[in-house]
There are 4 protein chains.
Amino acid sequence: MNTLLLTGFEPFLNFSINPTEEIVKELNNQEVGGFQIIGAVLPVDFSTAGNEFIKLFHTYNPSAVISLGLAGGRLKITPERIAINCNDGAADNKGNKYAGAKIDPEGPDGLFTTLPIQKIVNELNNHKFPAEISNSAGTYLCNNVMYQMLNELNKINKQIPSGFIHIPASHEMAVIDQKLPSWSQTDLTNAIKLAIEVIDLND
Amino acid sequence: MNTLLLTGFEPFLNFSINPTEEIVKELNNQEVGGFQIIGAVLPVDFSTAGNEFIKLFHTYNPSAVISLGLAGGRLKITPERIAINCNDGAADNKGNKYAGAKIDPEGPDGLFTTLPIQKIVNELNNHKFPAEISNSAGTYLCNNVMYQMLNELNKINKQIPSGFIHIPASHEMAVIDQKLPSWSQTDLTNAIKLAIEVIDLND
Amino acid sequence: MNTLLLTGFEPFLNFSINPTEEIVKELNNQEVGGFQIIGAVLPVDFSTAGNEFIKLFHTYNPSAVISLGLAGGRLKITPERIAINCNDGAADNKGNKYAGAKIDPEGPDGLFTTLPIQKIVNELNNHKFPAEISNSAGTYLCNNVMYQMLNELNKINKQIPSGFIHIPASHEMAVIDQKLPSWSQTDLTNAIKLAIEVIDLND
Amino acid sequence: MNTLLLTGFEPFLNFSINPTEEIVKELNNQEVGGFQIIGAVLPVDFSTAGNEFIKLFHTYNPSAVISLGLAGGRLKITPERIAINCNDGAADNKGNKYAGAKIDPEGPDGLFTTLPIQKIVNELNNHKFPAEISNSAGTYLCNNVMYQMLNELNKINKQIPSGFIHIPASHEMAVIDQKLPSWSQTDLTNAIKLAIEVIDLND
């Protein structure tokens, strides 16, 4: 069976949980949309996240790659259109902090996703899950791993669906942090399952 | 068995659905928290909503009253602290429009809810549903029916739990309107069931 | 000349400035709209703010009273419609913290402002300053002093314009706190001058 | 004297004004930061805006290029980090509408600005104007003209500062549209003057 590498992130900032970790752990080893899911949780660490991710890719040689990240404040499931060659933002869990540094000094400024993002959005909306394409994955770890995978696939000239999907906070997080829009963990997981089911390797 | 009058509203503005109507229809005739639920859908009409509501009250003589309303844009389940003696805002479904008119020319400026709002918020948060007390039910139909019921209970000197709970938009609405934070209908209904279960007539 | 008592608050939370303090200090002793302005800065302290405020009132016996407060997150100048008999929210600058306590155990639940709030909103909008009526002054110090003054005026049966206006954060604050909508201090001060000019003691 | 081509856009959607047009008209022919400003207003038209913009560039051969656009809903002055090779979003003023089409079928996915965006942000913050780098100029006309100019400069191998700055709505717009954060036109214009003054051709 075809495999799909599905990554989430460990908790960061003030939270003891990360809803992407929950999704990845729940779907790991399950069959979704004809794919055997290989779930993995990446560290919130600029110095290791990308390397671990690419190593996982070469270990499993999956037919598709989707990374998940939390976007606290977003209202919808948002597949990302582009990754950019830039590290910036708050310090990561190891204290690494960048201000506009290039991820790959030789890499292109931006790299479009190869996921069928409009199809994913349509499918989710058809199932009454609010979704829309996002034009920025930020400049933190989410963008970093998205860029590194797309850049690697370009370098090895491999054409498979690969990209990133940001999700809203979970209700559990919103109970702690007073201003976050949130969905139930069940909704978040079900929405990601729908997104995976849309991917057709014959497209 | 004790009864609880639970009201929602019909759809308004651009929407063909109202998640409060869904909740009320689903819970009607069910037993929740020791109450037999009497569900009713009120019109978005300043001239008739309050009268219909008070008539329902006198018909069923319930032991508690909770009205539900949609608060498009809110992130959480928000029990209301106070109703105010004021009609204002957009035109209702019949075209009635007010600019700061009193609901009851002889009534007090404000009337506190008699629901255990802090207990409701705590219970919801304990079950990982984001909730907080709201200090304004607005000046539209939601505030209007909340005020009219509390005012009526004062006039007839009846002391029962009565008040209003605003809920976020449903995912279904957010798919249509691009900027609304939303919860699944299932989450909305389950949260209201928890709120009802908190009500203890011996408090 | 008629006098107008204009109060602001001292800084609170993480900020070293409060734009209401700036306005009050700038307008103190000036003539605005036919009023001699008596500017005063109130402490963010539940135990003393109201007493100080009422003492100032009896000392100066002004013809009108306007209190100003910062509403971080609001987009517009928002005259408040009602004060409610409730202390709640975060701890004040002295560490006092309340959870739904009444301000005056014998007082009414709510008290409408006696300022011409719709006229103020219209005047500001006509001068291209975004403004709208707010239906909640919260349950913190702002609501507290608004309630205490309206309650006192009722008790002594004095009918003068009295109320509260919330203002957005200043640009200076937004530079420090990343998520605050803001106006320049100049705009904030000019908008409040317009609001004062609207007050007509013959209305 | 060195020249700087400064563009804004004509009004669009429901508004009869566009604050970028006001800025461009006010600064046209003025000297700012050692530059003679060449102000120009671009049409909200995918089929002509880029061509007009590039034509203006070749006509005046400026030493720097800054385009301005309105970002309704943003709180701050936001210099854009990257333009992407994508047209999407609502119909333009001529009815043209795209869904993910490439601007230049042969162009790179993304192109970084050549403006000193961090320096601009720092300068504005130092002068108490809220500002931050944005990682997405969207996929509408703003991104389109930013991409087209950076792409043209690459093609002709010309290295000058070029990029895009989004600004908040003006108070005048917020009076009409109820939910927009806004600044006064004076603040908007002064902030853009500061941004221009930062540009140093010797950097």
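The rules behind each value
- Residues numbered from 1 in each chain as written.
- Chains lettered and ligands numbered in written order.
- Predicted model: local features only at pLDDT ≥ 70, side-chain atom pairs only at ≥ 80, totals over all residues.
- Heavy atoms only, no water.
- Helix = DSSP H or I, 4+ residues; strand = E, 2+ residues; numbered from the N terminus.
- Rg over C-alpha atoms; globule rule 2.2 N^0.38 Å.
- Buried < 20%, exposed > 50% of the residue type's maximum accessible area, 1.4 Å probe, protein only.
- Contact = heavy atoms within 4.5 Å.
- Pairing = 2+ DSSP bridges.
- Axes fitted to C-alpha atoms, helices over the stretch in contact; angles between N-to-C directions.
- Salt bridge = Lys/Arg side-chain N within 4 Å of Asp/Glu carboxyl O.
- Buried area = accessible area lost by both parts, 1.4 Å probe.
- Polar contact = N/O pair within 3.5 Å; in protein donor to acceptor, adjacent residues only side chain to side chain.
- Disulfide = S-S within 2.5 Å.
- Core = buried A, V, L, I, M, F, W, Y, C linked by side-chain atoms within 4.5 Å.
- pLDDT = per-residue confidence, 0-100.
- 1 Å grid on protein atoms, 1.4 Å probe; cavity = no way out; pocket = protein on both sides within 12 Å on 5 of 7 lines; lining within 4 Å.
- Points joined across faces, edges and corners; volume = space filled by probe spheres on them.
- Nonpolar A, V, L, I, M, F, W, Y, C, P; charged D, E, K, R; others polar.
- Least-squares fit on C-alpha atoms with pLDDT ≥ 70 in both.
- Phe/Tyr/Trp six-rings, centres within 6.5 Å; stacked < 30°, edge-to-face > 60°.
- Expected span 1.5 Å × (residues − 1).
- UniProt positions renumbered as here; feature names shortened; annotations may be inferred.

K.L.:
Even after reading the chapter, I still don't get the overall build of chain A, so can you show me in this structure?
P.N.:
Looking only at helices and strands, chain A features six helices and twelve strands. Computed over its C-alpha atoms, the radius of gyration of chain A comes to 16 Å, within 12% of the 17 Å expected for a compact globule of 203 residues. Projected onto the principal axes, the alpha-carbon positions of chain A cover approximately 40 × 40 × 30 Å. When the 203 residues of chain A are sorted by exposure, 60% land in the buried category. The contacts of chain A with a sequence gap of at least 6 include a subset with a gap of at least 24, amounting to 78%.

K.L.:
Just to check I follow, could you spell out the sheet that holds strand S5 (residues 78–79) of chain B for this structure?
P.N.:
In a beta sheet, neighbouring strands pair by backbone hydrogen bonds and run either parallel or antiparallel. Residue and element names in this part refer to chain B. Spatially, six strands are ordered S2-S3-S1-S4-S10-S5 in an open sheet, and the strand pairing comes out mixed. The outermost strands of the open sheet, each flanked by one partner alone, are strand S2 (31–32) and S5. Two elements, strand S4 (residues 64–70) and strand S10 (residues 162–167), share six bridges in a ladder whose sense is parallel. Bridging from a neighbouring strand, Val65 pairs with Ser162 of S10. On top of the sheet, helix H2 (residues 49–60) reaches strand S1 (2–9), strand S3 (35–42) and S4; it is set at about 155° to S3, its chief contact.

K.L.:
Explanation requested: the pattern of salt bridges in the structure shown.
P.N.:
Oppositely charged side chains may form a pair once their charged atoms are brought near each other. If you walk through the whole model with that rule in mind, you get 28 salt bridges over all chains. Linking B:Asp88 and C:Arg81 is a salt bridge whose minimum nitrogen-to-oxygen distance equals 3.1 Å. Highlighted residues: B:Asp88 in strand S7 (residues 87–88) and C:Arg81 in the loop between strand S5 (78–79) and strand S6 (82–84), drawn from two different chains. Across the pair, C:Arg81 and B:Asp88 agree in class, each one buried.

K.L.:
I would appreciate a short explanation of unusual backbone geometry in the present structure.
P.N.:
Excluding glycine, residues mostly carry a negative phi; peptide bonds, for their part, are mostly trans. Positive phi outside glycine occurs at A:Asn29, with the angle close to 75°. One can find A:Asn29 in the loop between helix H1 (19–27) and strand S2 (31–32). The backbone of B:Asn157 shows a phi angle near 55°, a positive value even though the residue is not glycine. Mapping B:Asn157 onto the fold places it in the loop between helix H4 (141–155) and S10.

K.L.:
Explanation requested: the pairing of strand S1 (residues 2–9) of chain C in the structure shown.
P.N.:
A regular strand places its side chains so that they alternate between the two faces of the sheet. All names here are of chain C. With seven of eight residues buried, S1 is to be regarded as a mostly interior element. In the sheet, S1 pairs with strand S3 (residues 35–42) via eight bridges, with the strands oriented parallel. Each residue of the ladder has a partner; that of Leu6, found in S3, is Gly39.

K.L.:
Could you clarify how one ought to interpret the interface of chain C and chain B in this entry?
P.N.:
Many descriptions give the size of an interface as the accessible area lost when the pieces come together. Counting residues at the interface gives 16 residues for chain C, matched by 16 residues for chain B. At the boundary of chain C with chain B, total buried surface from both sides reaches about 1200 Å², with 61% on carbon and sulfur atoms. The three residues of chain C that bury the most area against chain B are C:Arg81, C:Asp109 and C:Phe112, which together make up 42% of that side's buried surface. The tally of links between chain C and chain B comes to two salt bridges. Counting the contacts that link chain C with chain B gives four residue pairs in polar contact (both at pLDDT 80 or more). Contributions of two or more residues to the side of chain C that touches chain B are made by S6 and strand S9 (110–112) of chain C.

K.L.:
Explain the interface of chain A and chain B to me, please; I cannot follow it from the model alone.
P.N.:
Every contact between the two is made by 20 residues of chain A and, on the other side, 20 residues of chain B. Carbon and sulfur atoms supply 55% of the area that chain A and chain B bury against each other, a total of about 1600 Å² over both sides. Considering only the surface of chain A that becomes buried against chain B, A:Lys128, A:His171 and A:Val175 emerge as the three largest contributors, covering 31% of it. At the surface where chain A touches chain B, the tally comes to two salt bridges. Taken together, the connections running from chain A to chain B amount to six residue pairs in polar contact (both at pLDDT 80 or more). Breaking the side of chain A that touches chain B down by element, the ones donating at least two residues are helix H5 (171–176) and strand S12 (182–183) of chain A.

K.L.:
Can you help me understand the state of the cysteines in this one?
P.N.:
In a disulfide, the sulfur atoms of two cysteines are covalently bonded to one another. Per the stated rule, a full pass over the model turns up zero disulfides over all chains. Sulfur of C:Cys142: no disulfide; nearest cysteine sulfur belongs to C:Cys86 and is 14 Å away.

K.L.:
Is there a simple way to think about the nonpolar core in this case?
P.N.:
Grouped burial of nonpolar side chains is what soluble globular proteins tend to show. Residue and element names in this part refer to chain D. If you look at the biggest cluster of nonpolar residues, it comprises 35 residues, and the most contacted ones within it are Leu5 and Phe9. Listed by contribution, the elements that provide at least two residues to this core are strand S1 (2–9), strand S3 (35–42), helix H2 (49–60), strand S4 (64–70), helix H4 (141–155) and helix H5 (171–176). Counting residues per element, this core draws most heavily on H4, which supplies eight residues. Setting aside its immediate chain neighbours within four residues, Leu5 contacts Ile38, Ala40, Phe53, Leu56, Phe57, Pro62, Ala64, Val65 and Ile66.

K.L.:
Any chance you could explain the confidence of the model for chain A here in plain terms?
P.N.:
Low pLDDT marks regions whose predicted coordinates should not be analysed in detail. Counting all residues, the mean pLDDT for chain A is 96, and 100% of those residues have values of 70 or more. Complex prediction metrics read pTM 0.96 and ipTM 0.95.

K.L.:
Is there a simple way to think about empty space enclosed by the protein in this case?
P.N.:
For the structure shown, the criterion picks out four cavities of 30 Å³ or more. Considering only enclosed or pocket space, the largest cavity measures out at about 40 Å³ in volume. What lines the largest cavity is A:Arg74, A:Leu75, A:Pro181, A:Ser182, A:Trp183, B:Arg74, B:Leu75, B:Pro168, B:Pro181, B:Ser182 and B:Trp183. Elements with a minimum of two residues in the lining of the largest cavity: S12 of chain A together with strand S12 (182–183) of chain B. A per-class count over the lining of the largest cavity returns seven nonpolar, two polar and two charged.

K.L.:
Could you clarify how one ought to interpret the relation of the copies chain A and chain B in this entry?
P.N.:
Between the two copies of this chain, the relationship is a rotation about some axis together with a displacement along it. Of the transformation superimposing chain A on chain B, the axial component is 0.0 Å and the angular component is 180°, with the fit at an RMSD of 0.0 Å. Such a turn and shift between the copies fits a two-fold axis. Of the interface residues in chain A, 100% have counterparts in chain B that sit at the interface too, so the contact is made through matching surfaces.

K.L.:
Please clarify how the packing of aromatic side chains should be interpreted in this entry.
P.N.:
All names here are of chain C. By the definition in use, this model includes 16 aromatic pairs over all chains. Here Phe129 and Trp183 contribute two aromatic rings whose centre-to-centre distance is 5.8 Å and whose plane-to-plane angle is 25°, an arrangement assigned as stacked. Of this pair, Phe129 sits in the loop between helix H3 (117–126) and helix H4 (141–155) while Trp183 sits in strand S12 (residues 182–183), and the two are 54 residues apart along the sequence. Under the relative-accessibility criterion, Phe129 is labelled buried at 10%.

K.L.:
For this particular structure, what's the right way to read the relation of the copies chain C and chain B?
P.N.:
Turning chain C through 180° and shifting it by 0.0 Å along the axis lays it on chain B, with an RMSD of 0.0 Å. Here 100% of the interface residues in chain C have copies in chain B that are interface residues too; the copies meet face to matching face.

K.L.:
Whenever I open this one, H4(C) confuses me. Can you help?
P.N.:
Given 3.6 residues per helical turn, the α-helix brings residues three or four places apart onto the same face. Between its terminal C-alpha atoms H4(C) stretches 21 Å, which fits the 21 Å expected from 15 residues at 1.5 Å a residue. The element H4(C) is largely enclosed, with a buried count of 13 among its 15 residues.

K.L.:
Got a minute to help me understand the UniProt feature "active site" (unreviewed entry) in chain A in this structure?
P.N.:
Residues and elements named next belong to chain A. Following the UniProt record, the feature "active site" (unreviewed entry) maps to Glu80 and Cys142 here. A stretch of 63 residues holds the annotated residues, and the largest C-alpha distance among them is 10.0 Å, short enough that they meet in one place. Here Glu80 lies in the loop between strand S5 (78–79) and strand S6 (82–84). Judged by relative accessible area, Glu80 falls into the buried class, the value being 0%. Residues within four places of Glu80 in sequence aside, it is in contact with Arg74, Thr113, Ile117, Ser134, Asn135, Ser136, Ala137, Met146, Phe164 and His166. Here Arg74 takes part through its side chain, which lies 2.8 Å from a polar atom of the side chain of Glu80. Ignoring any residue separated from it by four or fewer positions in sequence, one finds Cys142 in contact with Phe9, Gly69, Ala137, Phe164 and His166.

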